[in-house]
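Structure assessment
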Amino acid sequence: AASKLTSFEDGLERENYLRAVSARFDIPEEGLKKLVAGIGRTGAAAREDTLSRRAEARENARRRQADSGLKRSQRILLSWLAEEPALYGKIRGLITVSDFTEDIYAETAKILFGQLEQGRADPAAVMDHFAEDSESVRAVAEIFQTGSAEELAGSEATETEPGGKAAAQARSKAFTDIVKMIRRHTLDESAKNASPEEYARILKQKKELEKLVIDLT
């Protein structure tokens, strides 16, 4: 009966029911009111805890999805640069080794960028660097097999007008979006512990980043 009393939203209805229960079971009204209030607080706390857990679960799911998208973007960029070394000039100075969040990605980027500085890309040589660690070799091989430039740009554009304007625009947008995602994450992480002056500088960089357009035509 006490639990049922907590389900009444209307105060007058709850009060009338409380009096009826008190009279029927010969329970002092004040004692019953305290019991109902205690149950109500417990129920509210339980509901708040449930809502908090659900919100935390949603946030964790969002972070996992964002993290997965970020890692994929990093793999895509490395794979694309290995396929088309000339594109390195488009990101040189904008994307650095420090923008890669996973150790294996950062190490791969360090070696690959060193090659690209010399005007070449040799994925086999990158994998040879990890020859003593079979797990790392497999991870690097997966990076370089992430996908071709045509797949990343979108099959629809390349199928309808292969090598044409639509395909070039799709490639440019895909490449730009990947670079933006990677760089944006670095700036967001830097902003978390930044001083007011540093934060202002980061905000400026983020605004400039949103205007970025990398033309691959």
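So, here's what we can say about the structure. (Residues numbered from 1 in each chain as written. Predicted model: local features only at pLDDT ≥ 70, side-chain atom pairs only at ≥ 80, totals over all residues. Heavy atoms only, no water.)

Quick look at the environment of Ile 91 now. Its place among the elements puts Ile 91 in helix H4 (residues 88-91). What makes Ile 91 buried here is its relative accessible area of 0%. Along the primary structure Ile 91 and Thr 176 are separated by 85 residues, whereas in three dimensions their C-alpha atoms are 9.6 Å apart. Aside from chain neighbours lying at most four places away, what touches Ile 91 is Leu 77, Leu 81, Phe 113, Phe 175, Val 179 and Ile 214. (Helix = DSSP H or I, 4+ residues; strand = E, 2+ residues; numbered from the N terminus. Buried < 20%, exposed > 50% of the residue type's maximum accessible area, 1.4 Å probe, protein only. Contact = heavy atoms within 4.5 Å.)

Turning to the nonpolar core, a few remarks are in order. Among soluble globular proteins, nonpolar side chains are generally buried collectively. Leu 77, Leu 81, Ile 91, Phe 100, Phe 113 and Phe 175 are the most contacted members of the largest nonpolar core, which has 32 residues in total. Listing elements by their share of this core, those giving two or more residues are helix H3 (29-83), H4, helix H5 (103-117), helix H7 (134-144) and helix H10 (165-192). The biggest single contributor to this core is H5, with 8 residues. Those residues in contact with Leu 81, other than ones at most four positions away along the chain, are Leu 87, Tyr 88, Ile 91, Leu 112, Phe 113, Leu 116, Ala 121 and Phe 175. (Core = buried A, V, L, I, M, F, W, Y, C linked by side-chain atoms within 4.5 Å.)

Attention now goes to the packing of H10 against helix H11 (residues 196-210). Contact geometry for H10 and H11: axes closest at 10 Å, N-to-C directions at 165°. One finds that H10 runs roughly antiparallel with respect to H11. Where H10 crosses over H11, the two elements pack in a sense that is left-handed. Contacts between H10 and H11 pair Lys 180, Arg 183, Arg 184, Leu 187, Asp 188, Ser 190 and Ala 191 from the former with Tyr 199, Ile 202, Gln 205, Lys 206, Leu 209 and Glu 210 from the latter. Split into classes, the residues belonging to the contact of H10 with H11 amount to 5 nonpolar, 2 polar and 6 charged. (Axes fitted to C-alpha atoms, helices over the stretch in contact; angles between N-to-C directions. Parallel < 35°, antiparallel > 145°, perpendicular 65-115°, else oblique. Left-handed = near helix turned anticlockwise from the far one by under 90°. Nonpolar A, V, L, I, M, F, W, Y, C, P; charged D, E, K, R; others polar.)

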